[in-house]
Amino acid sequence: MPDFRHELVARLPRMRRFALTLCHAPHDAEDLVQMAVERALRHEASWEPGTSLDSWLYRILQNLWRDELRAHRRKAEPLDEVTEVMGEDGRDVTLNALQWAEARAALQTLPEEQRAVLTLVVLDGLSYQDAATALDVPIGTVMSRLSRARARMASLLGAEPSLRKAT
């Protein structure tokens, strides 16, 4: 009958592959295999010769991985309860990106004249007079186009139009 330790070593490549499917990270998989080998050696007497050594080792790997996940969940602090987080809040970054994408899409649906005025006044910060000069239209036209553009954007984005006027 083959030696248990030799059989265990022969199964290391398969154990690594299985651990990698559990962990998805090579360094975690390697740690998991090391823990499994240690446990298998400590509990060698509990393996019944004649039964599948592979299945027994896979069960050890899977149980260890579940234990790791449970331990991590117990230690993990819910993100909503964390008051000091280094860097930007991923939720805010994601929300801002989604809002910008929605605003860009809405902006593209505006007629070209409204889009131009809105871009010059709201995004570039030009005064009504400077926008009127750039577009070669009267200031009243800039004001009416801007008003219509803001109302349409508010409607598309589900918000109230801004009453603030640029100077």
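For the structure, see preceding data.
Here's a quick rundown of the structure.

The rules behind these values
Residues numbered from 1 in each chain as written. Predicted model: local features only at pLDDT ≥ 70, side-chain atom pairs only at ≥ 80, totals over all residues. Heavy atoms only, no water. Core = buried A, V, L, I, M, F, W, Y, C linked by side-chain atoms within 4.5 Å. Buried < 20%, exposed > 50% of the residue type's maximum accessible area, 1.4 Å probe, protein only. Helix = DSSP H or I, 4+ residues; strand = E, 2+ residues; numbered from the N terminus. Contact = heavy atoms within 4.5 Å. Patch = residues over 30% accessible without salt bridge, like charges linked within 9 Å, V, L, I, M, F, W, Y side chains within 5 Å. Areas by Shrake-Rupley, 256 points an atom, 1.4 Å probe, with all protein chains shown as cover. Salt bridge = Lys/Arg side-chain N within 4 Å of Asp/Glu carboxyl O. Axes fitted to C-alpha atoms, helices over the stretch in contact; angles between N-to-C directions. Parallel < 35°, antiparallel > 145°, perpendicular 65-115°, else oblique. Nonpolar A, V, L, I, M, F, W, Y, C, P; charged D, E, K, R; others polar. Expected span 1.5 Å × (residues − 1). Phe/Tyr/Trp six-rings, centres within 6.5 Å; stacked < 30°, edge-to-face > 60°.

The next subject is the nonpolar core. Of all hydrophobic cores here, the largest spans 21 residues; its most connected members are Met15, Leu32, Trp56, Leu57 and Leu61. Among the secondary structure elements, those contributing two or more residues to this core are α1 (4-10), α2 (12-23), α3 (26-42) and α4 (53-75). The biggest single contributor to this core is α4, with seven residues. The residues contacting Met15, other than those within four sequence positions of it, are Leu8, Val33, Ala36, Val37, Leu57, Tyr58 and Leu61. Within the second largest apolar cluster, 15 residues are counted, among which are Val121, Ala131, Ala132 and Ala149.

What follows concerns unusual backbone geometry. For Asp136, which is not glycine, the phi dihedral falls at a positive 60 degrees. Following the sequence through the fold, Asp136 ends up in the loop between α7 (128-135) and α8 (139-157).

Let us now look at a nonpolar patch on the surface. A cluster of nonpolar side chains, namely Trp100, Val122 and Leu123, defines an oily patch on the protein surface of about 320 Å² accessible area. Given the relative accessible area of 42%, Val122 is considered partly exposed.

Look at α7 against α8: their axes get within 8 Å of each other, and the N-to-C directions meet at 105 degrees. With respect to each other, α7 and α8 are oriented roughly perpendicular. Contacts from Tyr128, Gln129, Ala131 and Ala132 of α7 reach α8 at Ile139, Val142, Met143, Leu146 and Arg150. Of the residues contributing to the contact of α7 with α8, the split by class is seven nonpolar, one polar and one charged.

Next up on the list: the pattern of salt bridges. It is possible for side chains of opposite charge to pair when their charged atoms get near one another. Applying the stated criterion across every chain yields a total of six salt bridges. Here Asp54 ties to Arg14 by a salt bridge, and the two come within 2.6 Å at their closest N and O atoms. Within this pair, whereas Asp54 is found in helix α4, its partner Arg14 is found in helix α2, the two being separated by 40 residues in sequence. In this structure, Asp67 engages Arg70 in a salt bridge whose closest nitrogen and oxygen atoms are separated by 3.0 Å. Of the two residues, Asp67 and Arg70 are both situated in helix α4; the distance of three residues between them amounts to about one turn of the helix. When its relative accessible area of 35% is taken as the criterion, Asp67 is described as partly exposed.

Along an α-helix, residues three or four apart share an orientation, since each turn contains 3.6 residues. The end-to-end C-alpha distance of α8, which contains 19 residues, comes to 26 Å, matching closely the 27 Å that a straight helix rising 1.5 Å per residue would cover. Of the residues one or two after α8, Gly158 is the one with positive phi, at around 70 degrees.

Glancing now at the packing of aromatic side chains. Throughout the structure, instances matching the rule amount to three aromatic pairs. Ring geometry for Phe4 and Trp47: centres 5.8 Å apart, planes at 45 degrees, overall tilted. Taken together, the residues span a long stretch of sequence, with Phe4 in helix α1 and Trp47 in the loop between α3 and α4 at a distance of 43 residues. The pair formed by Phe4 and Trp47 is uniform in burial state, with each residue classed as buried. Measuring from ring centre to ring centre gives 6.0 Å for Phe4 and Trp56, while their planes differ by 70 degrees; the resulting arrangement is edge-to-face. Linking Phe4 in helix α1 with Trp56 in helix α4, this pair joins segments that are 52 residues apart in sequence. Taken as a pair, Phe4 and Trp56 share a single burial class, namely buried. Through successive ring pairs, a cluster of aromatic residues spans Phe4, Trp47 and Trp56.

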